[in-house]
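A closer look at the structure
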Amino acid sequence: MTLDVLQMVLVTIVAAATPLMIAALGELVVERSGVLNLGVEGMMVLGAATGFAVAVETGSTLAGAVAGAGAGLALSALFGILTVVLAANQIASGLAMTILGLGLSGLVGASYVGMKRESAPHLAIPGLTDLPGIGRLFFGQDAFVYAGFALVAGIAWFLWRTRAGLALRAIGDDHTSTHALGLKVRKVRFLAVLFGGACAGLAGAYLSLAYTPFWAPAMTAGRGWIALALVVFASWRPLRVMAGAMLFGGATVLQLHAQAAGLGLPGQALSALPYLATILALVLLSLGRRQGGSVAPASLGRVFTPFR
Amino acid sequence: MTDATPSPAPATPALAGQIGATPLFGAYGIVKRFGDFTANDGVDLEIRAGEIHALLGENGAGKSTLMKILYGLLEPTEGVVTHRGDIVKLANPEAARALGIGMVFQHFSLCENLTVAENIALVMPPDMSPKALREKMSTVGATYGLHLDPHRPVWSLSAGERQRIEIIRCLLQDPRLVILDEPTSVLTPGEAEGLFTVLERLRDEGRALLYISHRLDEVRRLCSRATILRGGKVVGACDPRQESARSLAAMMVGVQVGEVKPPSGMPLGAPRLVLSNLSLATSGLHGTALSDISLTVSGGEIVGIAGIAGNGQAELFDALSGEASAPEAGMVTLDGVPAGRLGITERRRHGACFVPEERNGHAAAPTLSLSDNALLSRHATAGLSRFGFLRNAAAKALAQRVIAAFDVRKAGPDPAAGTLSGGNLQKFLMGREIMAEPGILVVNQPTWGVDALAAAHIRQALLDLAGRGAALLVISQDLDELFEIAGRIAVLHDGTLSRAVPASETSREAVGLLMGGGGIESTPSSSAMEAMAHAH
C-alpha cells in the first residue's frame, strides 16, 4: 500500500500548495503590470474571514468563495486607488493593506471563531476517483484546486497569447513608453490590481472553507508573504509558480511530517525553507542574468504619473 | 505662417498652386498652457503632402509640446488641428494614428524586455495575427531596406536598430504624416545616411514628414520648408536650402550665434595628461574593456575622442576621473604625477577636473540645490569646508559666481539642479569645473541635448580654457563639435583608441569610418587612420 501512502502525501501537498498558487498567480499578474502589492497577506486573510462568515450565513460554499474573492477585490480596490490613481508609494500602501486586512478580518470573523463547517465537497467520479494510486490525486480534489490549475493555464495563455496580455507586460516593462504609445497604463494596472486582490481573497477563502474549514484570527499565517516570495522564485512565470507552489507546499507538509516523526531538525528551520529557496532563486537570477535584459518587470514598484 | 494670429487655410498661394489648395495637416492658433507657463502661444503650422517640413527651435521653444498635440498626447488649450481642411479632434494617439499620423520618438518608446515583433504588435490592430504581422514586417523591411529579426529582444539591439523598429512600426500603419523627433541624435553618420534615404523615399511617395532636429546641416539638406519656434511662438518660416546654418541658428535663438574661434598659433605646452598603455577589464556585464590606450594631451591643446556610444567612452572617462582604478599608477599621469591608483578627490587636488556625460544623477544630484552641487565636486579644491564642516556661505557664493559667469537661467536664487533645463544645467556644470581653472579637464559629451546658443557658449569656454594653457580631453559623439574645437582627434572603437591625428588632416568621412570599426580590426589602427586621412 505504499502507493496509497504516496498518494496521500501528494494530496496533502497539493492541498497545501493551492492557496499559495492562487494568491501567487494573482500577484504575478499585478507585478507583470508593474505594481508591487505587498498587501497580499491582508487581502488573503480578509478573504478567509469574509468567505467563512458568508458561507456560514448562507450555507453555501460557493457563496463563501465568491464573497472571499469579493472581499480581496474590495481591499485591492483601495490599494489601487492609493497607488495607481493617487500614485502613492506602493510599498508603504501594501504594508498598510496587510495591517488593515488583518484588523478587518478580526472584526468580520469575531462572532465566527470556534464554529466549524463541512469542508468544500470533493469531486467524486465513480470509477475514476477510486482508481488506486492516482484516483484521489487527479479526480478527487475540491473545486478550488481545479480552479487553481485552470488559472495557471488561463494566465499563461492570457499573458503570451493575447493582445491585452501583451499590453499588460509592456506596461510593466516601461510605463513611460507605453503611455506615449497611447496605452491606458493606469486602467490596465488598476484592473490587474483588482484581479490580484480577487485571487488573494479566493486563496484566503480556500483556507477557511476547504483546507481547515473554520475561522481563526490571522489563520493565513504568513502564506501571503510566501506567495509574494513565490512570484520572485518563479521569475514571474505562471508555470514556474505552479511548480514553486508544489515545492513550497511540499516544504510545509514535510515540516509537519518531520515533526511527527520526531526528526532532530526543528520545525522552524523547515518553515524557513521557502524563504531560503527564494533568496537562492534571487541570487541565481542575478548571477545568470542575461546581458542587458531583466527578468523582473522593469517598471516593478515604480510609481507612474502621466506627463503634463 | 509668419504671423501669430489664427489664419485658417488658404495658405501661401505660390505653394498652394504647386501642391494643392489645402494642406494635409494644419494647426492654427495653437495655445497650450501648463498652469502659468505658456508652452505654445498661437502657433500656426501647415504641412503638405510630399514635403519634409522642419520644425526648429531651441530647447524649451515648444517643439515637443506642438508635436505631442499633433500626435494626440496633449490637448491644446486653444486652437484647432485640421486634416485636409476639416477640423479634427485628436483626443488620443489612436485618433491621430487613425488619421494617418505616425511618430518616431526621440527617446524610443520601446519596451526593452519585449521582442521586436511584440513592440510592433502593441500599436497594430488587435485582431492581427502574429504571422500576418511578421509578413507585413518583412514586406516593409524589403521595400525600405529596414531589416530586423522579429524575435530579438529589444535590449540586445543597437540604437540604430531600435530606431528601425520605431520607423517600421510607424510605416506599418501607412501614415500620411510622419513626425520625427531628433531622429539622428543617436545614430552614426552611416546610419544617418541610411535614414535620410528612407526619408527621401517616403517624401517621394507623397507622404508628409515633420522633421525636428538640432542639426541644421541635416535640415538644410533634407527639408524644403522650415517653421521656427522661439518661446512658444512662431518667429519665422523659411526655405532652409536658401539659408546657412548660422542664419538658421540666429533665427532660432533670436541673436547672432557667435562663431566659435579657436586660439590660433599658440605654441603647445608640456604634456599634462598622459595615458600609457591603459588597459581596464570590464567592470560590469554591459561594459567595454579598454585595451592598451596611449595618448598625450599637452597644455593648450584640446584632443577630441570620437566614437559611437558604448565603445568604451564611459569606461575611459571613469579611468580618467578615478571612478575606476587603473591596474597600475603609471597608466594615467596628471602633470607628471602617476595618478592611476588615486581616488577622484586626490586627482582633483592635482588640478584635474571632470564633467561626466549624465547631467542628472552623475554630474549633478537633481534634488540638491545648485550650491550643494557646487560643494559635491569642489569641496576639496575651493575651500568649501573647514575642519570637516561645510562653509555653506562660500558654496553659495561660488554657485552665484558660476551662474553669473555662465549665464545660467533658473528660477529662484538657489534652485534644485533638476529644475533647470538641460542646457542651463550643463552650463552650470561646465562652469563649476572650468572656474576651478583646472590644469587638466576631461569632458564627456559637453553639449549633449543642449541648444545652439548654449552649445556655442560652452565650446567657447572650453577653447578659452585651452588658451589659458590647460590640457583638455573632450569625448563626444558629435563630429561637428569635435572638428570645431579639437586640435587633434582620435577614435574610440570597441575599447581601442586610434592614433590622434590633427583635425585639419582628417575628415568627417575618415573619422566616421573608424567609428564604425572600419579598418581597425584587420590593420594596425594608426596606419589605417593615416591612410584614411590621406585618402581625403
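Computed from a prediction, not measured in an experiment: that's the story for all the values here.

Counting its regular elements, chain A contains 13 helices and zero strands. N-terminal to C-terminal, the α/β element order of chain A is α-α-α-α-α-α-α-α-α-α-α-α-α. The C-alpha extent of chain A, read off along each of the three principal axes, is 65 × 45 × 40 Å. A separation of at least 24 residues holds for 78% of the contacts in chain A among residues at least 6 apart in sequence.

Within chain B, the secondary structure is distributed over 18 helices and 23 strands. Of all 536 residues assigned to chain B, the portion counted as buried reaches 46%. In chain B, the proportion of contacts linking residues at least 24 apart, taken out of those at least 6 apart, comes to 67%.

In this section: the interface of chain A and chain B. Counting from both sides, the interface comprises 19 residues of chain A and, opposite them, 22 residues of chain B. Contributions of two or more residues to the side of chain A that touches chain B are made by helix H7 (163-173) and helix H8 (175-180) of chain A. Looking at the side of chain A that touches chain B, the element that brings in the most residues is H7(A), giving six residues.

The next subject is the packing of helix H12 (residues 370-378) of chain B against helix H13 (residues 392-405) of chain B. Residues and elements named next belong to chain B. Viewed as axis vectors pointing N to C, H12 and H13 meet at an angle of 100°, and their least axial separation amounts to 8 Å. By the angle between their directions, the pair H12 and H13 is classed as roughly perpendicular. The residues of H13 that touch H12, namely those facing Leu-370, Ser-371, Ala-374, Leu-375 and Arg-378, are Ala-395, Lys-396, Leu-398, Ala-399 and Val-402. When the residues that make up the contact of H12 with H13 are grouped by side-chain class, the tally is seven nonpolar, one polar and two charged.

What follows deals with the pairing of strand S4 (residues 78-83) of chain B. Residues and elements named next belong to chain B. Of the strand pairs in this sheet, strand S1 (residues 25-34) and S4 are connected by five bridges, and their pairing is antiparallel. Bridge assignment links Gly-26 to a residue of S4, and that residue is Thr-82. Note that S4 and strand S5 (residues 86-88) share three bridges and pair antiparallel. In the sheet register, Thr-82 faces S5, and the bridge partner there is Ile-87. Linking S4 to S5, which pair antiparallel, is a turn of two residues; within it Arg-84 sits at a positive phi near 50°.

Time to look at the sheet that holds strand S11 (residues 271-280) of chain B. All names here are of chain B. The four strands lie next to each other as S12-S11-S14-S15, forming an open sheet whose pairing is antiparallel. This sheet does not close on itself; its edge strands, each paired only once, are strand S12 (290-298) and strand S15 (337-338). Alignment of S11 against S12, held across six bridges, turns out to be antiparallel. Residue pairing in the sheet places Leu-273 in a bridge with Val-297 of S12.

In terms of nonpolar packing, the biggest core is built from 238 residues, with A:Ala24, A:Leu25, A:Leu230, B:Ile179 and B:Val474 touching the most fellow members. If you tally residues by element for this core, the top one is helix H9 (residues 185-211) of chain A, at 18 residues. Apart from residues lying up to four places away in sequence, B:Ile179 is in contact with B:Met67, B:Leu70, B:Tyr71, B:Ile101, B:Met103, B:Val104 and B:Leu210.

Quick notes on the rules
Here the residue numbers are simple positions, counted from 1 along each chain's written sequence. Lettering for chains starts from A, numbering for ligands starts from 1, and both go in the order in which the items are written. Reporting of local features is limited, given that this is a predicted model, to residues whose pLDDT is at least 70; pairs of side-chain atoms are given and counted only at 80 or more, and all residues count toward the totals for whole chains, interfaces and linings. By the criteria applied, helices consist of DSSP H or I runs no shorter than four residues and strands consist of E runs no shorter than two, each listed in order from the N terminus. Distance between backbone-placed C-beta atoms decides contact: two residues are in contact if it is within 7 Å. Counting other C-beta atoms within 10 Å of a residue's own tells you its class, since 20 or more makes it buried, 12 or fewer makes it exposed, and anything in between is partly exposed; those C-beta atoms are placed from the backbone. Every angle, taken between N-to-C directions, lies between 0 and 180 degrees, and every axis is a line fitted to C-alpha atoms, over only the stretch in contact when it is a helix. Should an angle lie under 35 degrees it is considered roughly parallel, over 145 roughly antiparallel, and from 65 to 115 roughly perpendicular; all remaining angles are considered oblique. Polarity classes work like this: nonpolar for Ala, Val, Leu, Ile, Met, Phe, Trp, Tyr, Cys and Pro, charged for Asp, Glu, Lys and Arg, and polar for all others, with Gly in that last group. Any two strands with at least two DSSP bridges between them are considered paired. Here a nonpolar core is just a set of buried residues of the types Ala, Val, Leu, Ile, Met, Phe, Trp, Tyr and Cys, joined wherever their C-beta atoms sit within 7 Å.

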